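# Coordinate inspection notes
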Amino acid sequence: MASLFRTLAGGVALACAVGLSPSLAQAPGPSPTPKTTAIHAGRLIDGLSARPQSQVTILITDDRITAVEPGFVSPPGAEVIDLSSATVLPGLIDGHTHVTSLRRTGNGIAKSVTYSPLDMALAATVNAEAILRSGVTTVRDLGGNYGTDLALKKAIELGEVAGPRMWVAGEAIGPTGGHTDWSHGYAEDMSRRDWGAGLADGADAVTRLARTQHKLGVNIIKIMPSGGVVSQGDDPKAQLMTEAEIRAAVDTAHAMGMKVAAHGHGKEAIDIAVRLGASSIEHGTYADDESWRLMKTHGTYFVPTLLTTQRLYDLATHAPQTLNPYTVRKVLEMGSSIGKLTRAHKAGVKIAFGSDTGLGENLQEAALMVEAGMTPAEVILAATANAADLIGSNEIGAVQAGRYADIVAVAGDPLTDITELERVQFVMKGGVVYKAGGENLYVQMVNP
Ligand SMILES: [Zn+2]
């Protein structure tokens, strides 16, 4: 790996294998004089086409890609990043994260009443940096509590915290006793002041809450039409939001220019959310052939979230004390749900990458998607072009002139071994290098 990620300027080696020295990692944000960078890519998977290109140069000015040219060129004054023996890809996109997640250690119920919003916010900054350095440069974060996701997004945009670009949902909207009702399963007088911010019963309440979320600055409305797995007392197979409530969420979101992501395990909840215009179905555990047909007809994305299901299954079998007893039962009943992706893929449903995790392990989802029958090229497109399309942005998800310079590289060939994505060696977001030669770089986040 010694020569993989050498950084050159004017032909002079400035740093070697471990990559750029700390002083070379520039702070995010506008620079007084435009900075030009040329990345020499041995192979490029550009996020648009399934076929890789060989030996191209990616030209970058400040935070944007300006051109992709054949061969290795080194314009005068450009800093050259040598990735000539690597495979270069667009920064990857996780379409379903929870960056504000806490580690699943210890007793889950005890933790839910001993952690404060401030604990969560601090943990979130660590998670955000781990996610970015893993190679995920954008996330669609589907449900954060206490406004921590909005605060984190703001801090990342201001250059105060290192993290991925964030599209956030704020509080996921759901019914009393449903997947967002955090006091469910506790004694009646056991609650916390800030629990229940995502609860809405009746169409008017859903409309009001969706409008409130928009006012607070969210980009997406997340709804909980079915029960969930990590929540206590609710049934994942049950449809818990009424048709009127789901319609209110979708119509209100659309009126404000936002899409709706629907958490759906049970078939009835999935089918009705698709029919009413949700842009994506998350999880899809008990979807049947009719559900997949509906999703294909409506152009609804499926976000499989295999990794979190597998993680929960491992915990339910090896460390059940870290989960509440309801969750252990639900997870054991679901078992491995990899087959749902096999069926969705065969049915021709559009698939976007989403791990439902938030601690930096996100890209382990890719190997499970291949196990389910997708090709590595399809998985990469799910985490680039498709996820960008689901988010609704043409500024991310591809190595193409005009887009953000969000670029990653792996040492081997992810088209033959998708687990290369678990060993991303180089990470650039908005033209700033956060990792090179497999080593994290110090990035001074705010200019003094
Ligand atoms: Zn989730």
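Conventions and cut-offs
Residues numbered from 1 in each chain as written. Predicted model: local features only at pLDDT ≥ 70, side-chain atom pairs only at ≥ 80, totals over all residues. Heavy atoms only, no water. Domains from an automatic or database assignment. Contact = heavy atoms within 4.5 Å. Buried area = accessible area lost by both parts, 1.4 Å probe. Salt bridge = Lys/Arg side-chain N within 4 Å of Asp/Glu carboxyl O. Polar contact = N/O pair within 3.5 Å; in protein donor to acceptor, adjacent residues only side chain to side chain. Helix = DSSP H or I, 4+ residues; strand = E, 2+ residues; numbered from the N terminus. Donors = N, O, S within 2.8 Å, 3.2 Å for Na, K, Ca; no water. Buried < 20%, exposed > 50% of the residue type's maximum accessible area, 1.4 Å probe, protein only. Phe/Tyr/Trp six-rings, centres within 6.5 Å; stacked < 30°, edge-to-face > 60°. Pairing = 2+ DSSP bridges. Right-handed = clockwise from strand over helix to strand, strands pointing away.

Once the domains are mapped, the protein chain shows domain 1 (7-90 + 398-440) and domain 2 (92-391). Between the C-alpha centres of domain 1 and domain 2 the distance comes to 31 Å. Counting residues at the interface gives 23 residues for domain 1 and 24 residues for domain 2. Between domain 1 and domain 2, a total of about 2,000 Å² is buried, with carbon and sulfur atoms accounting for 70% of that surface. At the junction of domain 1 and domain 2, the tally comes to one salt bridge. At the junction of domain 1 and domain 2, the tally comes to five residue pairs in polar contact (both at pLDDT 80 or more). Per-element accounting of the side of domain 1 that touches domain 2 gives the leading share, three residues, to strand 16 (residues 426-429).

On to the coordination of the zinc ion. His96 (NE2), His98 (NE2) and Asp356 (OD) make up the full set of protein donors to the zinc ion, lying at 2.0 to 2.2 Å. Between consecutive donors of the zinc ion, the numbers of intervening residues give the motif H-x1-H-x257-D. Across the pair, exposure class does not vary: His96 and His98 are buried alike.

What follows concerns the packing of aromatic side chains. Per the counting criterion, the structure on display carries two aromatic pairs. Between Tyr186 and Trp195 the ring centres are 5.3 Å apart and the planes differ by 45°, which places this aromatic pair in the tilted class. For the pair shown, Tyr186 and Trp195 are each scored as buried. Taking the centre distance of 4.9 Å and the plane angle of 65° together, the rings of Trp292 and Phe302 count as edge-to-face. Residue Trp292 is located in helix 7 (residues 289-298), and its partner Phe302 is located in strand 13 (residues 301-303); the two are separated by ten residues in the primary sequence. On the accessibility criterion, Trp292 (2% relative accessible area) is buried. On the basis of relative accessible area, Phe302 is assigned to the buried category, the value being 0%.

A side chain with one charge can pair with a side chain of the opposite charge if their charged atoms come near. Per the stated rule, a full pass over the model turns up 17 salt bridges. Between Asp234 and Lys330 there is a salt bridge, with the nearest N and O atoms lying 2.8 Å from each other. Pair noted here: Asp234 is in the loop between strand 10 (220-223) and helix 5 (243-255) and Lys330 is in helix 9 (residues 325-334), with a separation of 96 residues, a long-range link. Its relative accessible area of 6% is what places Asp234 among the buried residues. For Lys267, the salt bridge is made with Asp271, and the minimal N-O distance between the two is 2.4 Å. With Lys267 and Asp271 both in helix 6 (residues 267-276) and four residues apart, this pair spans about one turn of that helix. With respect to burial, Lys267 and Asp271 carry one shared label: buried. Overlapping salt bridges bring together Lys267, Asp271, Arg275, Asp288 and Glu290 as one network.

Taken residue by residue, helix 9 has Thr327, Val328, Lys330, Val331 and Met334 as its buried positions. Looking at the packing, one finds that the buried side of helix 9 touches helix 8 (306-318). Sitting at the amino-terminal end of helix 9 is Asn324, which places a side-chain oxygen 3.0 Å from the backbone nitrogen of Tyr326.

Right, let's get into the pairing of strand 15 (residues 407-410). Across the two faces of strand 15 the burial is the same, with Ile407 and Ala409 and Val408 and Val410 all buried. With four bridges joining them, strand 6 (residues 79-90) and strand 15 adopt antiparallel strand pairing. Looking at the pairing, Val88 lines up with Ala409 of strand 15. Pairing of strand 15 with strand 16, which is carried by three bridges, proceeds in the antiparallel orientation. If you follow Ile407 over to strand 16, its bridge partner there is Met428.

Glancing now at helix 6. Since the α-helix advances by 3.6 residues per turn, residues separated by three or four positions end up pointing in the same direction. Of all the ten residues making up helix 6, eight are buried; the element is thus mostly covered by neighbouring parts of the structure. Within the sequence span of helix 6, burial applies to Lys267, Ala269, Ile270, Asp271, Ile272, Ala273, Val274 and Leu276. For helix 6, the secondary structure elements touched by its buried residues are helix 5, strand 11 (259-264), strand 12 (280-283) and helix 7. Following helix 6 by one or two positions, Gly277 adopts a phi angle in the positive range, close to 110°.

To continue, consider the side chain of Gln425. Inspection of the secondary structure puts Gln425 in the loop between strand 15 and strand 16. Of the residues examined, Gln425 reaches a relative accessible area of 13% and is grouped as buried. Side-chain polar atoms of Gln425 contact the backbone oxygen of Arg423, separated by 3.0 Å.

In terms of residue burial, strand 11 counts as a mostly covered element, since five of its six residues are buried. On the question of chirality, the crossover connecting strand 10 to the parallel strand 11 by way of helix 5 is right-handed. Sheet topology places strand 11 next to strand 12; four bridges connect them, and they run parallel. What sits directly across from Ala262, in strand 12, is Ile281. Handedness of the β-α-β unit built from strand 11, helix 6 and strand 12 comes out right-handed.

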